[in-house]
Each structure stands twice: as C-alpha cells, then as structure tokens.
Amino acid sequence: MPAPRPRPSSAAEAAPAAQWLERRGWQAFAFQREVWQAVAEGRSGMLHATTGSGKTYAVWLGMLDALLRRHPHGRSAEPLRVVWLTPMRALASDTTKALTEPLRELAPNWTIGLRTGDTPSAERARQDRRMPTVLVTTPESLTLMLTREHSREELAGVEYVVIDEWHELIGSKRGVQAQLALARLRTLHPGLVTWGLSATLGNLEDALAVLCGPDPEPAPRLVRGRIDKTLIIDTLIPPDPGKYSWAGHLGARMQLPVVEEIERSGTTLVFTNVRSQAEVWYQLLLQARPQWAGHIALHHGSLDRGTREWVEQGLKEGTLRAVVATSSLDLGVDFLPVERVLQVGSAKGVARMMQRAGRSGHAPGRPSRVTLVPTNTMEIIEAAAARRAAQAGRVEKRIPPDKPLDVLVQHVVTVALGGGFAPDPFYEEVRSAWSYRTLTRAEFDWAIAFCEKGGDSLGAYPEYHRIVRDEAGIYRVPDSGVARRHRLGVGTIVSDAAVQVKYLTGATIGTMEEGFIARLRPGDCFFFAGKLLEFVRVRDMAAYVRKASKNKGTVPTWQGSKMALSTELSEAVLEMMQTAAQGDFVEPELEAARPMLQTQQRLSKIPTPHTLLVETFASREGQHLFVYPFAGRNVHLGLASLLAWRLARAQPNTFSISINDYGFELVSAAPFDLAPVTSQQVFSGTDLLRDVLDSLNSSELAQRRFREIARVAGLISTGYPGQPKSTRQLQASSALFFEVFRKYDADNLLLSQAEKEVLSQELEISRLGETLARMRAKTMDFVSLRHPSPMSVPLMVERFREKLSTESLAARLERILRDMEADDAA
C-alpha cells in the first residue's frame, strides 16, 4: 500500500487512479509512477520491489487507468479484461480484496471474481454465465478455462495479464504451464500486455524475457522499485554451542530462547523448512508455555482448508501470539500485525530467507526483521553468511525448465479441448513460449502423434487416442470420457496419494501421505495439526482417529527431498570460514562458533574458497574419506557416487556413502588407494555423464521420475472424485508404462525426459560439472586425522542415523566424543 501523501506531485498524476490515492492521503512512489507510464504506453514488463512496498497497486492502478481511458467511467458492465495469476489460493483471496477497493469506486459496474480449486460450484456457474471484468486465478484454473469449448470467445477480450510472485513460478513446470497459457492468450489477443511481480530474484533480465515472450513490441520495461526499507537479519545465538555439532544437535536447546523471543515481540511467525519440523516446534512451544493454547497456531499445506483460513484470519486480526508455519505462508499474503519472523534452521537460500523476512513489517516504512535460529554450529556460521549475502544483493537465480514434453502433451490436449488447433500455427504459438523456443518440429510432431495415437506401443488402446483431426484439419477431443479425465488431471503439481485424516465423527483434520498411514497399527499415536491423535482404522482412503489419552506419539514424516544449500549461500559460507581461518571472529556468530572452528583448525584445516579440504581417518569400521566441496546435498550425492564408482573401478571395493550440504563421506571396510584422490584423478570431468550414469542406478531413478511425468502427461489418472487411486496403484501403473515404453517404444521422448530430469534436477549435473572444475582448480588440503574432526562428525551422524536407534546413536556419539576429549587431554 502506498505511503501517506499530502498533494499530487504533478499534473501527470491527475488520472482517476492518482485521484483515488489522493483522496486517501497517499503518496505514490517513483517506481509506481514509472509502472503507470509503461502501462499507458502499452508495454509489458516486470516490477521487482521489496515485499510490502506497493507492487499490487503499482500495476493494478496503471491498468485500471488505461482501461478507463478506453472505456470511460466504468459505468457499464465490461467482459473479461484482466487476468491476475497467483501461485497460491490464499494469496488469490487477499489479492481480490486489494483489487476490489479502487475498482468499487472508479468503475462501480465492473466486476471482479475469484476462481481457484476452492471456488464453490455455484460461483463458478455464475462466472460461466458471465465472466467478471477482472479474474483472479491460479495457473491450473486458467488452464482449465482454456479447455472450455468456447474459450476463444471468453478469453479473446483479455487485455492484461499479471503474474504475481513470478519468482515462485518461473523455475518450475507450473511456470511453464503459465508460459503456454500466455502464449495462447497472445494468439487470441495479439496486443496482450503482461506484467510480472517479484520480490526476490537474481536474474531479472532473464525473468523478464521468459515472461514477455519473443520480440515483444513495444519493448518491455524492467522496473526496480527501490525504496528505503530496513531489513534486519540477526541470529538467536545458542549458549555454549560446543566444539562438535551435527544436524539438529542444538534444536531442543533453542526451545526457551525462542519462547522468550516470542514473549518480547508482537505477533510472530516461526518458519520451519518441513511440515514434520513445524509439528515438533508447535509442541515445543506448548510444552514451554501451556497457557498459550488457543493463542498460538500451526499452518502447513496438509491441514484442512478451514483450519488454515482460521489461522490466516487470526494473523490478519492480530489475535494470535505466534504461528508455526512452513512455506505455506511464504508468499505475499498481507499480515500487517506480524512484527517478527523467526527462521528455525537454515533457510538454505538467500531469496527464501528474504522472502520470509518480508512477512514482517509488510508495509512501506516498517522494518522487516528475521531472526535465524540455528540448530547446529554450522548453521550459526550460515546465519552470518546469509546476512552478508543479503546485504550484498547476492540472490539466487531461477532457471525455467527446458521444453518439458509432459507439460506440452498436456497442453496439446487442453487446446484441442478448447476449440481445437491447426498444427502449423499452433507449433509457432508453442515456440513463442520461452521454454519451448528450441522445440524442433520433430519433437512437436511426436507430441501430436503421441496424443493422437499413443505412440508406437499404445496404438491398440482407444483411451490413448485423445485427439482426432477433423475434415478441416483441426485437432479436437471427441471423446467425453477423455475430456473428463483430462480436466480432472490438469496441472503439474504432483504428490503422493493423500489420505484424509478424520475424527470418528467425520470431521476432517487434514491429509497425510498414504505411506505414513500404512505403517500405523490401531492404537498407535501420532502428532498432527498440533494434536496427539490415536489411529483407529482406515476406510475408503480415510484414516479415522480419536484424541489420544497417551502422552507420547510419533511425528509424521512427509516424503520430499531435503532442501539443498544454494550456490550463493555456499560461497558466502566459505568466505565466512576464510575469515575465521584468518583469526577474525568479528561477527557475533563467528565468535559463538569459535570453539568448533578452532578445534577444526587444530585437528585439521578450515575450508576456504581457494582450498579443497580432504580428510582421511581409520576406525574399527574401516577407512573413511571426507571431502568438502560445499556444493549442496544434491551435488554431493552425485559426487560421492561418482568417486566411489571410480575408486572401485580401479580397485574393486564396496563403499557406504553419507552426505550433507558441506561435504560427503566414503567409508569402506577394506583399505583403498588414496593416490587417485591426492592426484585429483578422480575429480576429472572426462566422461562425466557416462560415469555418473554408471555410478548410480540410473534406471531406477528415471523410473521414479517417470511417475511424475506420466501423471502430468495424462497417461495415468489419480482417479475420480470420491474414488481416488492409492499410491501403490499409481506406482504400478507408471512402472508398467515405463517398462512397456522401454521394450516397445524405446524412442519415446518421455523416457528421455525422465533421464534428463534425473540429471538436471536430482543430481544437478551442470552444477556437478562446475563443482568438479572448481575442485580441480583449488589447492588441496589433505589431512590424516587421529580422530574425527568437527566437520566430519556430522557426516558420520548422518550415516549412523540410517542404522541406529535414537538411544544407540546417543551412546555411540557419547563414546566418540569421550574418546576424542581423552585424546586431546593426553
């Protein structure tokens, strides 16, 4: 929202929108006026500005002015003119309210509507009879609109599209889905003006190009909204973090410090990275302050929608003292009462940290404050590095996927449903989407043929003949069953089959992944939605529970990869380590980590940007090799597998592997030759792709990735309303397709896409190659350890956790640390 203003500053601001601002005593920022001018000139563009600085009104008031010039006074009803895309349903609701305020006054007869998966059927039916002038929706709902038979007529009048939180979409298949929808809308309305809104993005020019398509006229405008907004990044430093630390080591010890920070603050958001951690921290807060029951809340994507909406309303009204949340509250919903954000554990990226910081002080002139709560000593160092990186503007880039053919296959059926298409112009339309700019005609023709005949292996099955070419050469979907299945499966968000969690009375609490529920036996207790529940039974894909009378229970786990440390933050951490290696502990976080860092220096070396630390150690388990590239856990998985394979190729051996964001461990019961390591031979980039694929079970990884591709491409269905399929059914179906294609349709491009995604997303092959090159360019610090160093202990703990109970792990660690202290004393 703009800040107070006494008078308009120029005659150029005498437009209706500026007058609306003036009547409220608000002053437009310079960047808002710049956006208004660009919109008035018919330019597309992107606005990059701080969270809470007024981005929504910058774009909306400019568009409203332009519309009112063409359709004066707004006294008569207008058809659909503006589509506003948001990545989240909660954000869509807030955006609708914000857009309504000026619209109600300046164009009282123009209407605004909200259309998401939560929109009641009665409201959708009303919109179907007459579309509103402004529609706030999601990429999935917009794609569903494109499947409508009369979509051409309904959407041809759209003059403006706004994509909110563009940084959140651009790097995913949802962003590709949005690109294809924009390409379609530009075909229907060649003068379409498109604007993106972003707060945290490192490659702004690239993001603008992806948004606006090829050769836009007039040239698009990139607006940087620079305003004076204070961002405070500090750290809740734990008392006596010690010489040795590992993942989660300090977590419980931070309970009371976090509680005390909440007590000293106004409304506080406590962010965690995963849902299970959110459940744990909600219980930790209640254990410390039972009287807070009803005054603190929990929010994550698995909770029932009604519960989430209640929490969001409590935040807006300031009636909640604190909310423990995951990324479900990351994006731009306005919670004005929130004064403080606490981030438990590493945010893993500078952009994510800044995004979450922006949830506090969400208005111009108010400072945003995020306090980082480390759960181990390395995260204390990370906190200082993240602050320095944010101050230097080192924010992560977002790279769009490269021509994902599963999304294209889905889009082909979508457009065939929405009035049909002729192949030649449709090919040019698809290529106008940035992710498909290099799409060959052969690849396009393959996608059409796959939708038309099911490829070489599914030709005998009519349900995979999804599109048919009519006499006029137009591809359409003639089968109502195919149409229904497609509309139910639209979208690119893929997750495991979910089981509803209900009380015996039938009231819904939320959803859990089927795999966790399948491991429960009647009488087992678990924490969910901040409650301790007792499992009773499963019936019709619903888990029935009652409130538990016991005091203990497990915390549910959700499948999903752990976040990896970003390149920008990794580099900042190494720079901070170098500062410590030089004896400079000026940052309070480095002073707190000094015992660990000095112990690392005494027993080994401290990694720096110019050195590669490699440690070796002999124990009763065998020979250990520790390598610290600081490239993130995904890259380290590929590196560890690659090095193990190359070492075993020279000398047959079996290795166990452990990884974290800072390095990896190889351990073998039998000794192995270290010469290929010290000579850096195993770090060679020669035959990298072949060796990586040989070092992993690439077929299994590709099959797992194919499950998602098959669902996006419409090969398998998740079921019908009230008749969902189980995870086991979905996995069996995708595995069958995978094997059939491998045997009878080996050139199927969805198979090659699965392999490509494994390399690019799971193993980050390009980053892996860059990491190997950097490793070869660095000076190696090779250290033979007498006993584990502070950097190596966390890797050993990761491996122990795979095979030891909590009690056995604690006993093993106590023995290791006792032996090390005794050795130090000697």
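Definitions and limits used
- Residues numbered from 1 in each chain as written.
- Predicted model: local features only at pLDDT ≥ 70, side-chain atom pairs only at ≥ 80, totals over all residues.
- Heavy atoms only, no water.
- Helix = DSSP H or I, 4+ residues; strand = E, 2+ residues; numbered from the N terminus.
- Rg over C-alpha atoms; globule rule 2.2 N^0.38 Å.
- Buried < 20%, exposed > 50% of the residue type's maximum accessible area, 1.4 Å probe, protein only.
- Lys, Arg positive; Asp, Glu negative; His and termini not counted.
- Charge placed at Lys NZ, Arg CZ, Asp CG, Glu CD.
- pLDDT = per-residue confidence, 0-100.
- Contact = heavy atoms within 4.5 Å.
- Axes fitted to C-alpha atoms, helices over the stretch in contact; angles between N-to-C directions.
- Parallel < 35°, antiparallel > 145°, perpendicular 65-115°, else oblique.
- Nonpolar A, V, L, I, M, F, W, Y, C, P; charged D, E, K, R; others polar.
- Pairing = 2+ DSSP bridges.
- Salt bridge = Lys/Arg side-chain N within 4 Å of Asp/Glu carboxyl O.
- 1 Å grid on protein atoms, 1.4 Å probe; cavity = no way out; pocket = protein on both sides within 12 Å on 5 of 7 lines; lining within 4 Å.
- Points joined across faces, edges and corners; volume = space filled by probe spheres on them.
- Core = buried A, V, L, I, M, F, W, Y, C linked by side-chain atoms within 4.5 Å.
- Polar contact = N/O pair within 3.5 Å; in protein donor to acceptor, adjacent residues only side chain to side chain.
- Phe/Tyr/Trp six-rings, centres within 6.5 Å; stacked < 30°, edge-to-face > 60°.
- Lys NZ or Arg CZ within 6 Å of the ring centre and 35° of its normal.

Let's talk about the overall build of the protein
In terms of helices and strands, the protein carries 32 helices and 29 strands. Against the 2.2 N^0.38 benchmark of 28 Å for 826 residues, the protein shows a C-alpha radius of gyration of 28 Å, consistent with a compact globule. Expressed as lengths along the three principal axes of its C-alpha atoms, the size of the protein is roughly 90 × 70 × 60 Å. Within the protein, buried positions represent 57% of all 826 residues. Distance from the positive charge centre (100 side chains) to the negative charge centre (94 side chains) of the protein: 3 Å.

Considerations on the confidence of the model for the protein
Put simply, the protein has an average pLDDT of 87, and 91% of its residues get 70 or more. Across residues 1-13, where pLDDT falls below 50, the model places 32 contacts with residues more than four positions away in sequence or in other chains.

Focus on the environment of leucine 763
When you line up the elements, leucine 763 lands in the loop between helix H29 (749-762) and helix H30 (765-777). In sequence terms leucine 763 and asparagine 634 are 129 residues apart; their C-alpha atoms lie 5.4 Å from each other. Not counting residues within four places of it along the chain, the set of residues in contact with leucine 763 comprises Asn634, Val635, Leu637, Gly638, Val692, Leu696, Val758 and Leu768.

What to know about unusual backbone geometry
Cis geometry marks the peptide bond from glutamate 217 to proline 218; its omega dihedral reads -5 degrees. Residue position: proline 218 is located in the loop between helix H10 (204-212) and strand S9 (221-225). One non-glycine residue with positive phi stands out, namely aspartate 240, at about 50 degrees. Within the secondary structure, aspartate 240 sits in the loop between strand S10 (231-235) and helix H11 (255-263). In the Ramachandran plot, glutamine 680 falls in the positive-phi region, its phi being about 65 degrees despite a non-glycine side chain. Note on placement: glutamine 680 falls in the loop between helix H25 (675-678) and helix H26 (688-695). With a relative accessible area of 16%, glutamine 680 lands in the buried category.

Describing the packing of H11 against helix H12 (residues 275-288)
Closest axis-to-axis distance for the H11/H12 pair is 10 Å, and the angle between their directions is 75 degrees. Comparing the axis directions of H11 and H12 gives the class roughly perpendicular. Residues Gln255, Leu256, Val258, Val259 and Ile262 of H11 touch H12, and the partners they reach there are Trp281, Leu284, Leu285, Gln287 and Ala288. Of the residues assigned to the contact of H11 with H12, the class counts are 8 nonpolar, 2 polar and no charged.

A closer look at the sheet that holds strand S15 (residues 368-373)
One open sheet accounts for 6 strands, arranged S10-S15-S14-S11-S13-S12; its pairing is parallel. This sheet does not close on itself; its edge strands, each paired only once, are S10 and strand S12 (296-299). Mean inter-strand twist for the sheet, computed between neighbouring axes without regard to direction, equals 20 degrees. Against the sheet, H11 engages strand S11 (267-271), strand S13 (322-325), strand S14 (338-344) and S15, with an angle of about 170 degrees to S14.

Looking at the pattern of salt bridges
Counted according to the given criterion, the structure contains 46 salt bridges. Here glutamate 159 ties to arginine 70 by a salt bridge, and the two come within 2.5 Å at their closest N and O atoms. Of this pair, glutamate 159 sits in the loop between helix H7 (151-155) and strand S7 (160-163) while arginine 70 sits in helix H3 (residues 55-70), placing them 89 residues apart in sequence. For glutamate 159, a relative accessible area of 10% translates into the label buried.

With respect to helix H14 (residues 350-357)
Counted residue by residue, H14 has 6 buried out of 8 residues, so it is predominantly covered. Every buried residue of H14 is accounted for by Val350, Ala351, Met353, Gln355, Arg356 and Ala357. Buried residues along H14 sit against helix H8 (166-169), S10, S11, S14, S15 and helix H15 (377-391).

Some remarks on empty space enclosed by the protein
Inspection of the entire model under this criterion finds 3 cavities of 30 Å³ or more. By volume, the largest cavity amounts to about 100 Å³. Considering the residues around the largest cavity, the lining is formed by 14 residues, among which Gly345, Ser346, Ala347, Leu372 and Ala383 are closest to the centre. For the lining of the largest cavity, the secondary-structure elements that each account for two or more residues are S15 and H15.

Describing the sheet that holds strand S29 (residues 779-784)
Read across the open sheet, the 5 strands follow the order S25-S26-S24-S23-S29; overall the sheet is mixed. Edge strands, defined here as strands with exactly one partner in the open sheet, are strand S25 (656-659) and S29. Taken pair by pair, the neighbouring strands of this sheet meet at an average axis angle of 15 degrees, ignoring direction. Of the strand pairs in this sheet, S25 and strand S26 (residues 664-668) are connected by 4 bridges, and their pairing is antiparallel. Across the sheet, isoleucine 657 pairs through a bridge with leucine 666, a residue of S26.

Considerations on the nonpolar core
Residues Val323, Met378, Ile381, Met577, Leu597 and Phe630 are the most contacted members of the largest nonpolar core, which totals 56 residues. For this core, the element with the most residues is H15, which contributes 8 residues. Phenylalanine 630 has contacts with Met378, Ser570, Val573, Leu574, Met577, Pro607, His636, Asp661, Tyr662 and Met791, leaving out every residue within four places of it along the chain. Grouped together as the second largest cluster of nonpolar side chains are 45 residues, Leu408, Leu417, Phe421 and Val477 included.

Focus on the side chain of glutamate 312
Take glutamate 312: it is sitting in helix H13 (residues 305-317). Comment: no salt bridge for buried glutamate 312; closest opposite-charge side chain is lysine 316, at 5.3 Å. Here histidine 299 takes part through its side chain, which lies 2.9 Å from a polar atom of the side chain of glutamate 312. Setting aside chain neighbours within four positions, we find glutamate 312 in contact with Ala90, His299, Leu329 and Phe335.

Looking at the packing of aromatic side chains
Remark: the centre distance and the inter-plane angle together describe each pair of aromatic rings, the angle taken between the planes. A complete count under the given rule lists 15 aromatic pairs for this structure. A centroid spacing of 5.7 Å and a plane angle of 80 degrees characterise the contact between tryptophan 20 and tryptophan 26, whose relative ring orientation is edge-to-face. A relative accessible area of 0% places tryptophan 20 in the buried class. The class of tryptophan 26 is buried, set by a relative accessible area of 13%. Three or more aromatic residues joined by ring pairs form one cluster here, namely Trp446, Phe450, Tyr464, Phe706, Phe737, Phe738 and Phe741. The residue whose ring lies beneath arginine 441 is tyrosine 427, and the NZ or CZ to ring-centre distance is 5.1 Å. Directly above the ring of tyrosine 544 sits arginine 537, whose terminal nitrogen or CZ lies 5.4 Å from the centroid.

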